[in-house]
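What the coordinates show
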Amino acid sequence: PALALLSDYVLHNNNIMRLGSVVGLGLAYAGSNRQDVLSLILPVLADPKSNLEVIGMAAIACGLVAIGTCNGDVTSTILQTMM
């Protein structure tokens, strides 16, 4: 249910809405390693409309979703964003 409620706001024009939806998805799907959730959050890291706060929380949310799974896509995307 969280995915259906929050997915519309991940790439919203307002950064507060982005922040809330990204953090909500990260907490709701922590440890699940669901690819549909990750594919929704990962583009936020590369979106030019995202500010540093949203990018940082999106990285944390991706880490929460993929925690304990050694997901290479998440790791490489976060590292590439930091550089």
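The structure reproduced in this document is the subject of the present report.

Thresholds, definitions, all that
- Residues numbered from 1 in each chain as written.
- Predicted model: local features only at pLDDT ≥ 70, side-chain atom pairs only at ≥ 80, totals over all residues.
- Heavy atoms only, no water.
- Helix = DSSP H or I, 4+ residues; strand = E, 2+ residues; numbered from the N terminus.
- Rg over C-alpha atoms; globule rule 2.2 N^0.38 Å.
- Buried < 20%, exposed > 50% of the residue type's maximum accessible area, 1.4 Å probe, protein only.
- Contact = heavy atoms within 4.5 Å.
- Areas by Shrake-Rupley, 256 points an atom, 1.4 Å probe, with all protein chains shown as cover.
- Salt bridge = Lys/Arg side-chain N within 4 Å of Asp/Glu carboxyl O.
- Polar contact = N/O pair within 3.5 Å; in protein donor to acceptor, adjacent residues only side chain to side chain.

**Remarks on the overall build of the protein**
Secondary structure assignment for the protein yields 5 helices and 0 strands. The order of α-helices and β-strands along the protein, N terminus first, is α-α-α-α-α. Relative to the compact-globule value of 12 Å for 83 residues, the protein shows a C-alpha radius of gyration of 11 Å, a close match. For the protein, the spread of C-alpha atoms along the principal axes amounts to about 35 × 30 × 15 Å. Every one of the 83 residues in the protein was classed for burial, and the buried ones make up 34%. Restricting to contacts in the protein with at least 6 residues of sequence separation, those with at least 24 account for 62%. Accessible area of the protein: about 4700 Å², with a carbon and sulfur share of 65%.

**Side note on the pattern of salt bridges**
Scanning all chains against the criterion turns up 2 salt bridges. Across the pair Asp47 and Arg18 runs a salt bridge whose closest N-O atoms are separated by 2.8 Å. Of this pair, Asp47 sits in the loop between α3 (35–46) and α4 (52–65) while Arg18 is found in helix α2 (residues 15–28), placing the two residues 29 residues apart along the sequence. Accessibility assignment for this pair places Asp47 and Arg18 in one class, buried. Residue Arg34 pairs with Asp36 through a salt bridge whose shortest N-O separation is 2.6 Å. The exposure class of Arg34 is partly exposed, given its relative accessible area of 33%.

**So, the environment of Ala61**
Relative to the elements of secondary structure, Ala61 occurs in helix α4. Using a relative accessible area of 2% as the deciding quantity, one classes Ala61 as buried. Taking the C-alpha atoms as reference points, Ala61 and Val74, 13 residues apart in sequence, are found 10 Å from one another. Those residues within four positions of Ala61 in sequence are excluded, and the remaining contacts are Val22, Gly26 and Ile41.

**Things to note about the environment of Ser7**
By the secondary structure assignment, Ser7 is in the loop between α1 (2–6) and α2. For Ser7, a relative accessible area of 25% translates into the label partly exposed. Sequence separation between Ser7 and Ile55 is 48 residues; the distance between their C-alpha atoms is 16 Å. Beyond its immediate sequence surroundings of up to four residues, Ser7 is in contact with Ala2 and Leu40. At 3.0 Å, the side chain of Ser7 forms a polar contact with the backbone oxygen of Leu3.

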